[in-house]
Amino acid sequence: MDVKIEESWKRELAPEFDKPYFKHLTEFVKQEYAEHTCFPPGNRIFAAFDNTPFNNVKVVILGQDPYHGPGQAHGLCFSVQPGVPKPPSLINILREVQEDCGIALPEHGNLESWAKQGVLLLNATLTVRAHQAGSHQKKGWEQFTDAVITTLSEKKQELVFMLWGGYAKNKGNRIDQQKHLVLKSGHPSPLSANRGLWFGNSHFSKTNEYLNKKGKAPVNWQL
């Protein structure tokens, strides 16, 4: 199947695109976008891969579902484009960056600059129907993104995986922790963060310490 995705990812994930589940998933997504309002826009479904080619990946942040409100999702987990109000989880992420790295809070919530530096901003499910959280779960996306994580774990060395919340931690079970740094904490959503499970995890400075130790360029978390 010819999938419009960045070329290095296309090569790495080629076996997935011809599997029956992916063909069923493609049919489902096409029908959903034809009959309902869905997010992100069709040309942004694979934006995480297009912004962060396989060879460039050094950090992986794992989300769950795209935002399901109008104008929010643009293909990068937790991110919104300039001019779009920052959702609560994103606000808490940026507050932790501020506290951890001494970086001023940005006016916008577009994380594209992170993606361009090698931070794969991957949602477990890449599409969603408007105003219906989880509406495209268990249709095949999870199997596809499991394959992404497995491929990264097996073929890359010394990556950093940030796993926030129970869902991400479970999905991260396929990561080889002997080869990669796996950072875990509660989810940045207010429910978790307000119970003391998010703030103070220092994931952003820990990531840069690890990258420096491995001779890789640290991430500039300033937006």
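Residues numbered from 1 in each chain as written. Predicted model: local features only at pLDDT ≥ 70, side-chain atom pairs only at ≥ 80, totals over all residues. Heavy atoms only, no water.

**Some remarks on the environment of His187**
To keep things clear, this is the line we draw: Per the convention used, a helix needs a DSSP run of H or I reaching at least four residues, while a strand needs a run of E reaching at least two, with both numbered from the N terminus. Summary of the burial criterion: residues with accessible area below 20% of their type's maximum are buried, those above 50% are exposed, and those between are partly exposed, where the area comes from a 1.4 Å probe applied to protein chains only. Contact between two residues is taken to exist if any of their heavy atoms lie within 4.5 Å; hydrogens are not considered. Nitrogen and oxygen atoms within 3.5 Å of one another constitute a polar contact, given that in protein one can donate a hydrogen and the other can accept it, and given that sequence-neighbouring residues count only through two side-chain atoms.
As for its placement among the helices and strands, His187 is situated in the loop between strand 6 (181–185) and helix 8 (190–193). Since its relative accessible area comes to 26%, His187 is described here as partly exposed. The contacts of His187, once residues within four sequence positions are left out, are Phe78, Ser89, Trp164, Gly165, Ser192, Ala193 and Trp198. Here Ser189 takes part through its backbone nitrogen, which lies 2.9 Å from a polar atom of the side chain of His187.

**Quick word on the side chain of Glu96**
What counts here: Asp and Glu count as negative and Lys and Arg as positive, but His and the ends of the chain are not part of the count. When a carboxyl oxygen of Asp or Glu lies within 4 Å of a side-chain nitrogen of Lys or Arg, that pair is called a salt bridge.
Within the fold, Glu96 resides in helix 4 (residues 88–101). Despite its burial, Glu96 pairs with no opposite charge; the closest candidate is Arg95, at 8.1 Å N-O. Within polar-contact distance, the side chain of Glu96 engages the backbone nitrogen of Asn201 at 3.5 Å.

**Quick word on the side chain of His74**
By the element assignment, His74 lies in the loop between strand 2 (59–63) and helix 4. Given the relative accessible area of 1%, His74 is considered buried. A polar atom in the side chain of His74 sits 2.7 Å from the side chain of Ser79.

**Some thoughts on the pattern of salt bridges**
Side chains bearing opposite charge may pair, as long as their charged atoms lie close to each other. One pass over the structure, following the stated rule, counts 8 salt bridges. The closest approach of N and O atoms between Glu16 and Lys19, which form a salt bridge, is 2.8 Å. Exposure remark for Glu16: the relative accessible area of 10% places this residue in the buried category. Ionic pairing is found between Asp146 and Arg174, a salt bridge with its closest N-O pair at 3.3 Å. You can see Asp146 sitting in helix 6 (residues 141–155) and its partner Arg174 sitting in the loop between helix 7 (166–171) and strand 6, a full 28 residues away along the chain. Among the charged side chains, a network of salt bridges with common partners joins Asp146, Lys171 and Arg174.

**Focus: helix 1 (residues 7–17)**
The line we're drawing: Note that the arc is defined by the directions from the helix axis to the C-beta atoms.
For helix 1, the complete set of buried residues consists of Ser8, Trp9, Leu13, Glu16 and Phe17. Taken end-on, helix 1 shows its buried residues confined to a sector of 160°, consistent with a single buried face. Within helix 1, the exposed residues directed more than 90 degrees away from the buried face are Arg11 and Pro15. Taken together, the buried residues of helix 1 touch helix 2 (20–35), helix 3 (47–51), strand 3 (119–123) and helix 6.

**Brief notes about the sheet that holds strand 5 (residues 160–164)**
Defined as follows: Any two strands with at least two DSSP-identified bridges between them are counted as paired. Helix axes are fitted only over the stretch in contact, all axes being lines through C-alpha atoms; the angle between N-to-C directions runs from 0 to 180 degrees.
What the 4 strands build is an open sheet, ordered 3-2-5-6; its pairing is parallel. The sheet terminates laterally at strand 3 and strand 6, the two strands that pair on one side only. Neighbour-to-neighbour, the strand axes of the sheet open up by a mean angle of 20°, direction not taken into account. On the sheet, helix 6 packs against strand 2, strand 3 and strand 5 and is oriented at approximately 155° with respect to strand 3. Each of strand 2, strand 5 and strand 6 is contacted by helix 9 (residues 203–213), which is oriented at about 165° to strand 5, the strand it contacts most.

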